[in-house]
Amino acid sequence: LSQSACHNVHNASTTLREDRYVSQHQTLSLIMPAGASKSKKSKRQAARGRGRELSSNSKALSKISDYTAETTTPPKDRGPNVIILSSAGKPIFVRHGGDEDNWSSACGLLQGLRANVLSFDDVDSSLGEIQSIRAGNTLIVFLNTKALMLVAISDGENGSQSEGWLRLQLEYTYAQVIFTLTDQIQSIFEQSPSYDLRTMMGPNVDASLRNLLDQFDHHDSDEGKQCETDISASSYSQGAATFLTAGVECVFPLNPELRDSTSQLLIDTCRGDNTLFALLVVGTRLVTIVQPSNPTSQLHTSDLHLIMTFVGRQPGLLTNELWFPVCLPRFDSSGFLYAYTSCLDPVHTGLSIVLISGNNSTEQFKVFHSAADEVRSNLRLPPIGSVRSSMSSKSSTGDDKETATNWSDIQDDSDSDYDDDNDRRDSILSRISASGKRTSGQGIAPRPLLGERQLSMTNYLTHNPRPRPKAAEQKETTQDGPFLTALKIALLPQQEDIMSQYLELASAVHFTFRCDIYVQGSSETSTEGMLTQCFGPPLSFPFTDIQSQRKVWDVYQRLSLRLRLGSSSVETCYDALDMFQGHGSSNNLGDITNDCPMQALLESPPNVHGVTYLQEDNEWLYVGLNGKFFELYATLPATVKPREGTAYCARLVRKLMGDERILFLSNPLTWNS
């Protein structure tokens, strides 16, 4: 690659953009000490002048764009292309494009661009690492680690046009690689730059990377595919909302007493010297989790995302126990932990247990196996042996209808129960509506103490469905305990009615809510020791295509950056990331926070209460507001004035905080609880 061709690309670099530079010294000092990125900031400003002197010819960038179009046009609505390559320019993973070897020329060009930018190493004009390139509708974002470079390419139709959103996808992609291989791969490449990492990755790692990236572009048209890969077809995922809010989804609504008793059961059954974490999950949604009492030893949300995406997309979990090594990048990226997973209820709910230990011995596997059996027995779930043999016999005879009938019977009975009920006081909608009317007209109330919260949906949770036919009743009464019954009800389609009522409270077409809840025993004066959770409906009508949905997530992230930084400009965002990179790890363990500052930025709640909004195209009003323990992002019709929209959103926040114990894991326990 000629050096003159590399020079020609700099006119498009967003690190050299001519946009007005927005200084946020006072706001950024709330996150990290002032001056942490002063040198980088001055270099970036000096480099801006140098960049304007570069040639406006962009042949090198055109070559990348043309090669992308000719070789691998991404399938429609499947998101941006993501490429992983080594420091030697050798392709390791390509999301769209088939064989990675076909990308050797383009990867060499991308690596040459990076090397050329780094060649400006004098103090007055040093450009630092290349961050992104924008030319027309093409946006290329880079993430550079020690020996790996990750690139996201978006053409505006098949990907986001937000640098921050693409950067977040690259950080999760890198974390997924570390999740499987640990950061020792950096040492391998430093010793042998030409090493082919694909020999270590294999098809499972490739599939995990694609599953993770698909979560950022989850679309209703993917439901059929999701049902084939998720262990619970009845579960759904908000997809991008979980990454935007840095929160985990929980199964809802569940009686808090049942959830707490289940957490206590995990403590009594699974506690041991070698047990670090215990989770109950349904698909990619959390039921409960037990963690160490030390806040620095608790899981970051990004690590939880990796665990739940990996476990929730393992079809073999329905009929097999799994025992596999995992590396939690934000916990300790230098070594493996060992996870045991087993599906406790493969027929009805897909409820699975995940137990994680630092011990990989056979004895530890047997301990976890026994603990899972005891949990299954105490929850009054059917013995796994009989269930699996039943599933096997039905699949071999082709009689799958009977298995599906049990679940559909529950759905049909429940649907008819609500359809035939003319008194709306007995429906889910009316219960939420009645409680919403009682709180209308009030301001945002301070967060109540745990013992003072009222359960506005208690009647729904304690509601007993209409009596089942005797045959079905005799078949299931011997195996359905109260927890399994509540879980079945929580997974029924009536969740859509709950979401509809919440939307009506804010006159909104969509919202995403983040709730920060302290783990039991954590200090409420620190941001450590919190379990961040999210809640909201999936994007649907009128956002029926992936492009309109992607625009919503782009706007939500801009609002999120405004609440945290005071501005969503590219320069302000990268200045904040520089600060996190300089103050990444707070312990002596391996940690990839320095390589994934966008994750850390979104996990950190805004320091002050704030409201921001954006109105575009006279069609939609986007509102973002935050306070202590919460964030809300909502989309309202443009006919609603910003002041009114903010008041509507405040009313929704008040309702969601009132229903916190039903919608979220409101009392996360530790092993010392």
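The structure presented is a predicted model; accordingly, all values stated were derived computationally and were not measured.

Participant: Looking at this model, I keep getting lost on the pattern of salt bridges. Mind explaining?
Facilitator: Should the charged atoms of two oppositely charged side chains come close, the side chains can pair. This structure, assessed with the given rule, holds eleven salt bridges. In this structure, the salt-bridge partner of aspartate 214 is arginine 95, at a minimum N-O distance of 3.1 Å. On the criterion of sequence distance, the pair formed by aspartate 214 in helix α8 (residues 198-216) and arginine 95 in the loop between β2 (91-94) and α5 (104-118) is long-range, its members being 119 residues apart. Residue class for aspartate 214 comes out buried when judged on its relative accessible area of 13%. Judged by relative accessible area, which is 5%, arginine 95 ranks as buried. Each of Arg514, Asp516, Arg564 and Glu631 takes part in a single network of salt bridges with overlapping partners.

Participant: Explain the packing of aromatic side chains to me, please; I cannot follow it from the model alone.
Facilitator: Where two aromatic rings form a pair, the distance of their centres and the angle of their planes describe that pair. Within this structure, the stated rule accounts for 23 aromatic pairs. Judged by centre distance (6.4 Å) and plane angle (15°), the rings of phenylalanine 513 and phenylalanine 630 are stacked. Separated by 117 residues along the polypeptide, phenylalanine 513 in strand β12 (residues 510-518) and phenylalanine 630 in strand β16 (residues 630-637) bring together distant segments of the chain. Residue phenylalanine 513 shares its accessibility class with phenylalanine 630, and that shared class is buried. Look at phenylalanine 535 and phenylalanine 664: their rings are 6.1 Å apart centre to centre, the planes differ by 80°, and that puts the pair in the edge-to-face class. Pair noted here: phenylalanine 535 is in strand β13 (residues 530-535) and phenylalanine 664 is in the loop between α25 (660-663) and β17 (669-670), with a separation of 129 residues, a long-range link. When its relative accessible area of 1% is taken as the criterion, phenylalanine 664 is described as buried. Ring pairs connect the aromatic residues Phe252, Tyr502, Phe511, Phe513, Phe535, Phe630 and Phe664, which therefore count as one cluster.

Participant: Would you take a moment to explain unusual backbone geometry for this structure?
Facilitator: Trans is the common state for peptide bonds, and a negative phi is the common state for residues other than glycine. Residue proline 253 follows phenylalanine 252 across a cis peptide bond; omega there is -15°. Looking at where proline 253 falls in the secondary structure, it is placed in the loop between β6 (248-249) and α11 (256-270). Omega for the peptide link from phenylalanine 541 to proline 542 comes to 10°, which places this bond in the cis form. Among the secondary structure elements, proline 542 is positioned in the loop between β13 and α21 (546-565). One non-glycine residue with positive phi stands out, namely phenylalanine 629, at about 80°. Phenylalanine 629 sits in the buried class, given a relative accessible area of 12%.

Participant: Looking at this structure, how should I read the sheet that holds strand β4 (residues 138-144)?
Facilitator: The strand order β2-β1-β5-β4-β3 describes an open sheet built from five strands, whose pairing is antiparallel. Two strands in the sheet have a free side with no partner beyond their single neighbour: β2 and β3 (132-135). The mean angle between the axes of side-by-side strands here comes to 15°, regardless of whether they run parallel or antiparallel. Where strand β1 (residues 81-86) lies against strand β5 (residues 148-154), six bridges are found, and the strand directions are antiparallel. Bridging from a neighbouring strand, isoleucine 83 pairs with valine 151 of β5. Against the sheet, helix α6 (residues 163-181) makes contact with β1, β3, β4 and β5, and its axis sits at roughly 40° relative to β4, the strand it touches most.

Participant: I tried to follow the environment of phenylalanine 511 on my own but got confused; where do I start?
Facilitator: Its location among the elements puts phenylalanine 511 in strand β12. Not counting residues within four places of it along the chain, the set of residues in contact with phenylalanine 511 comprises Tyr502, Leu503, Phe535, Gly536, Pro537, Tyr556, Leu632, Tyr633, Ala634, Leu652 and Leu656.

Participant: Got a minute to help me understand the sheet that holds β13 in this structure?
Facilitator: What holds strands together in a sheet is hydrogen bonding between their backbones, with the strands either parallel or antiparallel. Pairing in this open sheet of six strands is mixed, and the strands run β6-β13-β12-β16-β15-β14 from one edge to the other. Both edges of this open sheet fall to β6 and β14 (610-616), since each of them pairs with a single strand only. With six bridges joining them, β12 and β13 adopt antiparallel strand pairing. Across the sheet, residue cysteine 515 finds its bridge partner in β13, namely glutamine 533.

Participant: Mind showing me how you'd approach the nonpolar core here?
Facilitator: Proteins that are soluble and globular tend to have nonpolar side chains buried together. Within the largest apolar cluster, 90 residues are counted, with the highest numbers of intra-cluster contacts made by Leu286 and Leu328. The dominant element in this core, judged by the number of residues it contributes, is α6, at eleven residues. Setting aside residues no more than four positions away along its own chain, leucine 286 makes contact with Val248, Glu249, Cys250, Val251, Arg259, Leu279, Leu280, Val281, Met308, Leu531 and Leu665.

Participant: I would appreciate a short explanation of the packing of α6 against helix α12 (residues 301-312) in the present structure.
Facilitator: When two helices pack together, you describe them by how their axes are tilted relative to each other and by the distance separating the axes. Relative orientation of the contacting elements α6 and α12 amounts to 65°, with a least axis distance of 11 Å. Relative to α12, the element α6 lies roughly perpendicular. For the pair α6 and α12, the sense of crossing is right-handed. From α6, Tyr172, Ala175, Gln176 and Phe179 reach across to α12, where they touch Ser302, His305, Leu306, Ile307 and Phe310. Classifying every residue of the contact of α6 with α12 by side-chain character gives six nonpolar, three polar and no charged.

Participant: How should the pairing of β4 be read in this particular structure?
Facilitator: Here β4 lies mainly inside the structure; seven of its seven residues are buried. Where burial is concerned, the two faces of β4 agree: the one with Thr138, Ile140, Phe142 and Asn144 and the one with Leu139, Val141 and Leu143 are both buried. Two elements, β3 and β4, share four bridges in a ladder whose sense is antiparallel. Within β4, the position partnered with alanine 135 by the bridge is threonine 138. From the end of β3 to the start of β4, which pair antiparallel, there are two residues, and glycine 136 there has a positive phi angle of about 65°. Connecting β4 to the antiparallel partner β5 that follows it, the hairpin turn spans three residues.

Participant: What am I meant to see in the state of the cysteines here?
Facilitator: What makes a disulfide is a covalent bond joining the sulfur atoms belonging to two cysteines. Per the stated rule, a full pass over the model turns up zero disulfides. Cysteine 250 provides the cysteine sulfur closest to cysteine 534, a residue in no disulfide bond, and the two sulfurs are 8.2 Å apart.

Participant: Sorry if this is basic, but what is going on with the packing of α6 against helix α7 (residues 184-191) here?
Facilitator: Between α6 and α7, the shortest axis-to-axis distance is 9 Å and the interhelical angle comes to 95°. Here α6 is positioned roughly perpendicular relative to α7, judged by the angle of their axes. Facing α6, whose interface residues are Tyr174, Val177, Ile178 and Leu181, α7 presents Gln184, Ile185 and Gln186. In terms of residue class, the contact of α6 with α7 is made up of five nonpolar, two polar and no charged.

Participant: Just to check I follow, could you spell out the environment of serine 568 for this structure?
Facilitator: Inspection of the secondary structure assignment puts serine 568 in the loop between α21 and α22 (570-582). Note: C-alpha distance between serine 568 and arginine 558 (ten residues apart in sequence) is 5.4 Å. Look past the residues within four positions of serine 568 in its chain and what remains in contact with it is Arg558, Leu561 and Arg562.

About the criteria used
Per chain, residues are indexed from 1 in the order of the written sequence. A pLDDT threshold of at least 70 governs which residues receive local features in this predicted model, and a stricter bar of 80 or more applies before side-chain atom pairs are shown or counted, although totals over entire chains, interfaces and linings include all residues. Hydrogens are left out, water is left out, and the side-chain values use all remaining heavy atoms of the structure. The working definition used for a salt bridge is a side-chain nitrogen of Lys or Arg within 4 Å of a carboxyl oxygen of Asp or Glu. Numbering goes from the N terminus for both helices and strands, where a helix is a DSSP run of H or I of at least four residues and a strand is a run of E of at least two. Exposed residues in this analysis have more than 50% of their type's maximum accessible area, buried residues have under 20%, and partly exposed residues fall in between, with area computed by a 1.4 Å probe over protein chains only. Any two of the Phe, Tyr and Trp rings considered here, Trp counted by its six-membered ring, make a pair once their centres fall within 6.5 Å; the pair's planes then place it as stacked at under 30 degrees, edge-to-face at over 60, or tilted in between. For two strands to be treated as a pair, DSSP must find no fewer than two bridges joining them. Note on geometry: axes are C-alpha line fits, over the in-contact stretch for helices, and angles between N-to-C directions span 0 to 180 degrees. The criterion used for residue contact is that any of the two residues' heavy atoms lie within 4.5 Å. Residues belong to a common nonpolar core when they are buried Ala, Val, Leu, Ile, Met, Phe, Trp, Tyr or Cys residues joined through side-chain atoms within 4.5 Å. Roughly parallel means an angle under 35 degrees; roughly antiparallel means over 145; roughly perpendicular covers 65 to 115; every other angle is labelled oblique. By convention, the crossing between two helices is left-handed when the near helix turns anticlockwise from the far helix through less than a right angle, and right-handed when the turn is clockwise. Asp, Glu, Lys and Arg are counted as charged, while Ala, Val, Leu, Ile, Met, Phe, Trp, Tyr, Cys and Pro are counted as nonpolar; the rest, among them Gly, fall into the polar class. Cysteine sulfur atoms are paired as a disulfide whenever they fall within 2.5 Å.

Function-wise, these values are silent; they only describe arrangement.
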